[in-house]
Amino acid sequence: MKQDATRQPLIIDQRSLEEGKTYPILHFLLKHEGLYMNDKDKETGKVTAVKISEPMFVKETVQNLDTKDVYVKLCYRYKGKFHEIDIGMGQLIPSELIKLSGKGLDVSHENHRHIAKFLGEQQKLAPHREVYREVGWHEEEDGNLVFRHHHVLSKEAKPNAIHDIKGGSFNLEPKGSLDAWKRMIEEEVKGNTPLEMMVCAGFSAVLVGYLSKFYDEVDTILIHLVGNCTQGKTTAALLAVSAMGVPSNKKKGLQKTWNGTSNAIINMMSGNYGIPIVLDELSMSHAKSLTSELYVLAAGQEKSRLNDEMKQRKQGTWSTTILSTGEQSIFERTNQNVGLTVRAFEFSNITWTSSAENADAIRKVIQQNYGHAGIAFIQYLFDSGLHIIDKTWEKWQAACREALPDSPFRTRIAKKYAILLAAGDIANQSLSLSLDLESILSFLVEQEKERMIARDIGAKAFQYVTQLFVQHQNNFRREGSISSPANCWGKMFFHRDHVEVAFLKHILEQKLREGEFEDPKVVIRSWKEKGWLVTEGDRATKRTKIFENYEQEERKKALGTANVPKKLQDTTYNIKIPLETLKGLISEQPHPLEMDETARSWYGF
């Protein structure tokens, strides 16, 4: 619904009405006293202005470019005071207009057709604007790409469509100055490689949104910062998004939280093709498992759903960079598999800010200066030609493939890391930031090496411990059995699809070290992330009763101490070993009466 560019809109406001101005439209007159209609006497031909209602008029019309829906801002007087409401264009027809009498509109069965006629004609003359809620890269009807920020950015000037802050999810209006933001980068960020990487991550959202339109292998980048509350992870995440918008959880800023349903978070992400988002405080998520949600977030497409009419509803999509924070590993909340670890990158226990003063200085600046860097970055892309994105990404893919250690996932990870580095490269060109990209690459390579170890060491150690258990199964008590081994390592419990092997904590840690796993905590953490442990709460251990009250001497020997806890439960690592893995390897079967029904079935009883 475009307004005729050659005609100036008719601007009506209540002040003009109060000052006595009259607006003639067709056979209607809008005045301060009310809305009048010219009535012609059939016999005399005399025209008389008859008041039909209190004054009301359409202040402006607005069209959502994403849905094509049009709404109008209706201004009306009730009890001597003017009010404004937003209504759909379809509500200007007589049958719908009369329903607004509940809002105080002077509409009745006697006048509603006349009023609808007046408003229908007057809205055609009212100022008109266009808004959008989907942000980031957008293909126009002519096939050209534009970038939707607080207004449309493009190679050539476009009609002044703006972002719908009121109806949308984000506030992208810039504030402050670019110079103040750049000065903060120079004084507070330069030389801190992890923070420089986060600056790259903020700009990377723009590249992700663009590349995903042309390369199927490019999807949303999800980065999780995990560590305690003094390491500056939230400050780092807010620094990243400050390039593009409000780095706050207020005023529709780019800082959101995990405190919401999966559908609410996904709905918030829909229609975002280039604006970075922070999901703060993973601990606020009430979901028992985040596996499905993380896959959906990374894939950039919500699950198929039916609408009320049992028809396939339109699926929400997005493609951007999501920055998550929390004191807990995000993989501890998933049914761990390798596919997820190459879709989401976790940076653990990194000191992001050098001091409290450093964090405060960054926050002080970004709270007052944001959004301008992203606008300059995007405008540089248009000025240079969008092909600069593809070329820079290809260059850094080659560098990443050469630098990353060999693994089955090297190419996939190189593509994602290359987006971060390409974003930093273009930021250096467009904003003269002088980010140390070689140091950032080295930082990312070291992080990937740690992730490779975490991916592989858990499986390697699990295989070792399984073999150890098979070889030394006689060192474990069996649930329900009265026999006790002379050298007790723990206890085993049979379940439907696995055997739960409870190792005494110090025994397992000792055996892992003997197996040349130098840091048992790394192994245990990997197992916990993969869901291979039976645990209590957030701990990796469990309290398990192995010895009876009359077996305290045997307990002292097993624990290697003369002082044992008064409670009968001891701290154990409880490992879940699949029954299929152990089939035929447990030499001494327990008596059938000592097993539950599932285990008896498995043994063939």
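Residues numbered from 1 in each chain as written. Predicted model: local features only at pLDDT ≥ 70, side-chain atom pairs only at ≥ 80, totals over all residues. Heavy atoms only, no water.

Q: Explain the overall build of the protein to me, please; I cannot follow it from the model alone.
A: Along the protein, the regular secondary structure elements total 19 helices and 24 strands. Rg of the C-alpha trace for the protein: 33 Å, well past the compact-globule value of 25 Å for 605 residues, more than 25% over. Once the C-alpha set of the protein is aligned to its principal axes, its extents read approximately 120 × 60 × 45 Å. Within the protein, the proportion of its 605 residues that are buried is 51%. Considering only residue pairs separated by 6 or more positions, the protein has 66% of its internal contacts joining residues 24 or more positions apart. By element, 48% of the accessible surface of the protein is carried by carbon and sulfur atoms, the whole surface being about 29,000 Å². Considering the protein, the positive charge centre built from 80 side chains and the negative charge centre built from 79 side chains are found 4 Å apart. (Helix = DSSP H or I, 4+ residues; strand = E, 2+ residues; numbered from the N terminus. Rg over C-alpha atoms; globule rule 2.2 N^0.38 Å. Buried < 20%, exposed > 50% of the residue type's maximum accessible area, 1.4 Å probe, protein only. Contact = heavy atoms within 4.5 Å. Areas by Shrake-Rupley, 256 points an atom, 1.4 Å probe, with all protein chains shown as cover. Lys, Arg positive; Asp, Glu negative; His and termini not counted. Charge placed at Lys NZ, Arg CZ, Asp CG, Glu CD.)

Q: Which parts of the structure should I look at to understand the packing of helix α12 (residues 387–403) against helix α13 (residues 410–431)?
A: Helix packing for two helices is described by the angle between their axes and how far apart those axes are. Put simply, α12 and α13 touch, their axes get as near as 7 Å, and they point 125° apart. As far as their axial angle goes, α13 and α12 are oblique. Here the hand of the crossing between α12 and α13 comes out right-handed. Facing I388, I389, T392, W393, K395, W396, Q397, C400 and R401 of α12, the residues of α13 in contact are R410, T411, A414, K415, Y417, A418, I419, L421, A422, D425, I426 and Q429. Of the residues contributing to the contact of α12 with α13, the split by class is 12 nonpolar, 4 polar and 5 charged. (Axes fitted to C-alpha atoms, helices over the stretch in contact; angles between N-to-C directions. Parallel < 35°, antiparallel > 145°, perpendicular 65-115°, else oblique. Left-handed = near helix turned anticlockwise from the far one by under 90°. Nonpolar A, V, L, I, M, F, W, Y, C, P; charged D, E, K, R; others polar.)

Q: Help me out: how do you make sense of the pairing of strand β5 (residues 56–64) in this one?
A: The two faces of a sheet get side chains in turn, since along a regular strand they alternate between them. Burial analysis of β5 places 8 of its 9 residues in the buried class, the great majority of the element. Strand direction decides the pairing type here: β5 and strand β6 (residues 70–78), joined by 7 bridges, are antiparallel. Along β6, the bridge assignment pairs Q63 with V70. Pairing analysis gives 4 bridges linking β5 to strand β8 (residues 128–132), with the strands arranged parallel. Paired with N64 across the strands is V131, a residue of β8. (Pairing = 2+ DSSP bridges.)

Q: What is the right way to look at the side chain of H163 in this model?
A: You can see H163 is positioned in strand β12 (residues 162–163). In this structure H163 comes out as buried when scored by relative accessible area, which is 5%. Leave out the neighbours within four places in its chain, and H163 touches Y132, R133, V135, H149, H150, F170 and L172.

Q: When you look at the packing of aromatic side chains in this model, what are you seeing that I'm missing?
A: To describe a pair of aromatic rings, you give the distance between the ring centres and the angle between the ring planes. Tallied over the entire structure, the rule returns 17 aromatic pairs. Taken together, a centroid distance of 6.2 Å and an interplanar angle of 75° make the contact between F347 and W352 edge-to-face. Each member of the pair, F347 as well as W352, carries the same accessibility label: buried. A centroid spacing of 4.6 Å and a plane angle of 50° characterise the contact between F462 and W532, whose relative ring orientation is tilted. Taken together, the positions of F462 in helix α14 (residues 437–471) and W532 in the loop between α16 (520–530) and β22 (533–534) put the pair 70 residues apart, joining distant regions of the chain. Residue F462 is classed as buried on the basis of its relative accessible area of 12%. What makes W532 partly exposed here is its relative accessible area of 26%. Taken together, the ring pairs in this structure connect W137, F147, Y210, F214 and F382 into an aromatic cluster. A cation over a ring is seen here: K31 above Y36, with NZ or CZ 4.6 Å from the ring centre. Here the basic side chain of K530 rests over the ring of W532, its NZ or CZ set 5.4 Å away from the ring centre. (Phe/Tyr/Trp six-rings, centres within 6.5 Å; stacked < 30°, edge-to-face > 60°. Lys NZ or Arg CZ within 6 Å of the ring centre and 35° of its normal.)

Q: Before we go on, may I ask you to explain the pairing of strand β16 (residues 277–280) in this structure?
A: Here β16 shows two buried faces, one formed by I277 and L279 and the other by V278 and D280. The sheet contact formed by β16 and strand β17 (residues 321–326) spans 3 bridges and is parallel. The partner of V278 across the bridge, within β17, is L323.

Q: What should I look at first to understand the sheet that holds strand β13 (residues 221–226) in this one?
A: Backbone-to-backbone hydrogen bonds join strands into a sheet, with any given pair of strands oriented parallel or antiparallel. An order of β14-β16-β17-β13-β18 is seen for the 5 strands of this open sheet, with the pairing classed as parallel. Edge strands, defined here as strands with exactly one partner in the open sheet, are β14 (255–257) and β18 (344–348). Neighbour-to-neighbour, the strand axes of the sheet open up by a mean angle of 25°, direction not taken into account. Summarising the sheet, β14 and β16 pair through 3 bridges and their orientation is parallel. Across the sheet, the residue bridging to K256 is L279, located in β16. Packing of helix α5 (residues 193–211) onto the sheet brings it into contact with β13, β17 and β18, and relative to β17 it is tilted by some 140°.

Geometric values such as these leave the question of function open.
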